Amino acid sequence: MKLSKLFGKTTKEISDEAESANHRLLIQGGFVDQLMAGVYTYLPLGYRVLKKVENIVREEMVLAGGQEILMPALQPAENWKQTGRWEMMDDLFRFTSYYTKKEFALGPTHEEVLSPLAKKFNSSYKDFPYAVFQIQTKFRDEKRAKSGILRGREFLMKDYYSFHSDEEDLDKYYEKMEKVYDKVFDRLGIGKETYYTYASGGTFAKYSHEYQTVTSAGEDMIYICDKCKIAINKEIITDLKNACPKCGNKDLREETAIEVGNIFKIKDKFTKPFDYRFISKDGKEKPVLMGCYGLGISRLMGAIVEIYNDDRGILWPKEVAPYDIHLISLNSDEEAEKVYKGLQEEGFDVLYDDRDISAGEKFSNADLIGIPIRLVASKKTLAEKSVEVKERGKEKTDIVKIDRVSKELCDLLDKK
Ligand code: ATP
Ligand code: MG
């Protein structure tokens, strides 16, 4: 992609409201545009990152056995009245049709659609367990939409639901999903900062579990046990007598964090209101049990920026970077164009700064956008049939012969 043609531009202007790093840097880097509080357009650069996060999550959910579906965001009020959440849920967007005067909700989560849907297909013990998931735009009337894409009123979520014929099976599945989640965070480059966190379980289980990523932009307070590498949400720390539930350690480290995902045994909370039961092997009717597993796709993208930034801009982890390489031409457009085409033919995703602006501006834009590798093609390097290679996170630059650059880039990017 040529920067001269890219839809969306880097900008120095930024509103005073943009306090968090992701809010500021994603707007300044031309990744997103804010339509109103908590509502964003993903511009080409930002959409590429969002898609990469989404695809990593999708791959792992499919590997876990989930089948992908897409449920409607527009939902009838009746389903929400049936579970009591029409009245109870503060952040549910509700509205009335101008023509029919019927009431509707915009989906903040999808148990109310999925339970009656699943009931249509799977009601024999032979059908269990099974799981479906979706990656979809959710709507929530958040009291305060803040911290950029960490808390939106419209945001992208992955919601995965498993269905079981008994508790033992649900417990087993839940444990499996814990491992799946760990893998997702590792692949996204935030495994080290993300803690499996004990949180309140509501009325149905002793605990639920959240995945909390440590960042000053977070809204939650967690207490980390460095021995077990787990955390406890502040909301239950006194119930747990200020000690790690695994090892009893009381020497816990307090941090602010953002909840990027959670897993929950909701059992029959949402199957019961829809009378979703199954016929067991011995011919008896029994309640269907559910597990729910959420991940905030857009929030994850924001959390990655919160972790990977410096005073010059973003440092995208390779797996989610919008492009592999940021190529800069310094007064040598014809030759740089050849390098650009060559790299693309070799399978690299290249963002090519072919604009007629100063070198300083090109360099500072490259740092702001944060693509893992910067290549500079100038008269000087090209005279030696070379380009300059620099990693975003490092100060060191290397001069590499053009015929060897592909190999070098593969090594740096862990590509084959
Ligand atoms: P929070 O406590 O942050 O409001 P929640 O408990 O309401 O989160 P869930 O209903 O469990 O969140 O949603 C699943 C996941 O969706 C969360 O773990 C989070 O990553 C993401 N998420 C929730 N609300 C938002 C939001 N307003 N904007 C972006 N992502 C969100
Ligand atoms: Mg919430």
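Everything numeric in this text was worked out from a predicted model, so none of it was measured.

## Some thoughts on the side chain of E142
For step 1, the next point in the chain: Relative to the assigned elements, E142 resides in the loop between β7 (130-139) and β8 (154-164).
For step 2, the next point in the chain: Relative accessible area serves as the criterion here: at 12%, E142 is assigned to the buried category.
For step 3, the next point in the chain: Excluding its chain neighbours within four sequence positions, the residues that come into contact with E142 are D91, R151, G152 and R153.

## Some points on the packing of helix α2 (residues 44-63) against helix α8 (residues 297-307)
For step 1, the next point in the chain: Direction vectors running N to C along α2 and α8 enclose 115°, while the axes themselves pass 9 Å from each other. It follows that α2 is roughly perpendicular to α8 by the angle criterion. Pair α2 / α8 crosses with right-handed handedness. Counting all contacts with α2, which are made through G46, V49, L50, V53, E54 and V57, the residues of α8 involved are I297, S298, L300, M301 and I304.
For step 2, the next point in the chain: In terms of residue class, the contact of α2 with α8 is made up of 8 nonpolar, 2 polar and 1 charged.

## Side note on the sheet that holds strand β5 (residues 93-96)
For step 1, the next point in the chain: Sheet architecture is open: 3 strands sit in the order β4-β6-β5, paired in antiparallel fashion. Each having just a single partner strand, β4 (74-76) and β5 make up the two edges of the open sheet. The sheet shows a mean angle of 35° between the axes of neighbouring strands, taken without regard to direction.
For step 2, the next point in the chain: With 4 bridges joining them, β5 and strand β6 (residues 103-106) adopt antiparallel strand pairing. Note that in β6 the partner of T96 across the bridge is E103.

## Quick look at the site of ligand 1
For step 1, the next point in the chain: Around ligand 1 there are 13 residues in total, and R140, E142, R151, E259 and N262 lie nearest to it.
For step 2, the next point in the chain: Between ligand 1 and the protein, one listed contact pairs an oxygen atom with a backbone N or O atom of G296 at 3.2 Å.
For step 3, the next point in the chain: Across the complex, the protein chains shield 81% of the 590 Å² of accessible surface that ligand 1 would expose by itself.
For step 4, the next point in the chain: Here the shell around ligand 1 takes 4 residues from strand β13 (residues 253-267), the largest share from any one element.
For step 5, the next point in the chain: Taken together, the residues that form the shell around ligand 1 break down as 4 nonpolar, 4 polar and 5 charged.

## A few points about the packing of aromatic side chains
For step 1, the next point in the chain: Under the counting rule described, the total for this entry stands at 19 aromatic pairs.
For step 2, the next point in the chain: Taken together, a centroid distance of 6.3 Å and an interplanar angle of 50° make the contact between Y173 and Y293 tilted. Taken together, the residues span a long stretch of sequence, with Y173 in helix α6 (residues 167-188) and Y293 in strand β16 (residues 289-296) at a distance of 120 residues. Both residues of the pair, Y173 and Y293, belong to the buried class.
For step 3, the next point in the chain: In this structure an aromatic cluster arises from ring pairing among Y181, F185, Y196, Y198, Y207 and Y211.

## Describing the domain arrangement of the protein
A common way to report how large an interface is uses the accessible area buried once the components associate.
For step 1, the next point in the chain: According to the domain assignment, the protein contains domain 1 (3-310) and domain 2 (323-413).
For step 2, the next point in the chain: The C-alpha centroid of domain 2 is placed 38 Å from the C-alpha centroid of domain 1.
For step 3, the next point in the chain: Each partner contributes to the interface: domain 1 provides 11 residues, whereas domain 2 provides 12 residues.
For step 4, the next point in the chain: Roughly 1,100 Å² of surface becomes buried between domain 1 and domain 2 when both sides are summed, with 58% attributable to carbon and sulfur atoms.
For step 5, the next point in the chain: The tally of links between domain 1 and domain 2 comes to 2 salt bridges.
For step 6, the next point in the chain: For the pair domain 1 and domain 2, the number of links is 5 residue pairs in polar contact (both at pLDDT 80 or more).
For step 7, the next point in the chain: Sorting the residues of the side of domain 1 that touches domain 2 by element identifies α1 (21-28) and α2 as the ones contributing at least two each.

## Observations regarding the packing of α1 against α8
For step 1, the next point in the chain: Two elements in contact, α1 and α8, have axes whose closest approach is 8 Å; the angle formed by their N-to-C orientations is 95°. Taken as axis vectors, α1 and α8 run roughly perpendicular relative to one another. Taken together, the residues of α8 that come into contact with α1 (itself represented by A21, N22, L25 and L26) are M301, G302, V305 and E306.
For step 2, the next point in the chain: Split by residue class, the contact of α1 with α8 holds 5 nonpolar, 2 polar and 1 charged.

## Considerations on the pattern of salt bridges
For step 1, the next point in the chain: Throughout the structure, instances matching the rule amount to 33 salt bridges.
For step 2, the next point in the chain: Among the ionic pairs, R277 bridges to E285, the shortest N-O distance being 2.9 Å.
For step 3, the next point in the chain: Where E388 meets R374, a salt bridge forms, and the shortest distance between an N and an O atom there is 3.2 Å. In this pair, E388 sits in strand β22 (residues 386-391) while R374 sits in strand β21 (residues 373-378), placing the two residues 14 residues apart along the sequence. By the burial criterion, E388 is buried, and R374 matches it.
For step 4, the next point in the chain: Overlapping salt bridges bring together E59, E60, K183, R187 and E319 as one network.

## Here we look at the nonpolar core
For step 1, the next point in the chain: Membership of the largest hydrophobic core comes to 68 residues, with the highest contact counts inside it found for M61 and W316.
For step 2, the next point in the chain: If one sorts the elements of this core by residue count, α6 sits on top with 9 residues.
For step 3, the next point in the chain: If we skip the residues at most four places from it in the chain, W316 touches L26, F31, V49, M301, I304, V305, A321, P322, I369, G370, I371 and P372.
For step 4, the next point in the chain: Ranked by size, the runner-up nonpolar core spans 20 residues in total, among them I325, L382, L409 and L413.

What counts and how
- Residues numbered from 1 in each chain as written.
- Chains lettered and ligands numbered in written order.
- Predicted model: local features only at pLDDT ≥ 70, side-chain atom pairs only at ≥ 80, totals over all residues.
- Heavy atoms only, no water.
- Helix = DSSP H or I, 4+ residues; strand = E, 2+ residues; numbered from the N terminus.
- Buried < 20%, exposed > 50% of the residue type's maximum accessible area, 1.4 Å probe, protein only.
- Contact = heavy atoms within 4.5 Å.
- Axes fitted to C-alpha atoms, helices over the stretch in contact; angles between N-to-C directions.
- Parallel < 35°, antiparallel > 145°, perpendicular 65-115°, else oblique.
- Left-handed = near helix turned anticlockwise from the far one by under 90°.
- Nonpolar A, V, L, I, M, F, W, Y, C, P; charged D, E, K, R; others polar.
- Pairing = 2+ DSSP bridges.
- Near = heavy atom within 4 Å.
- Polar contact = N/O pair within 3.5 Å; in protein donor to acceptor, adjacent residues only side chain to side chain.
- Areas by Shrake-Rupley, 256 points an atom, 1.4 Å probe, with all protein chains shown as cover.
- Phe/Tyr/Trp six-rings, centres within 6.5 Å; stacked < 30°, edge-to-face > 60°.
- Domains from an automatic or database assignment.
- Buried area = accessible area lost by both parts, 1.4 Å probe.
- Salt bridge = Lys/Arg side-chain N within 4 Å of Asp/Glu carboxyl O.
- Core = buried A, V, L, I, M, F, W, Y, C linked by side-chain atoms within 4.5 Å.

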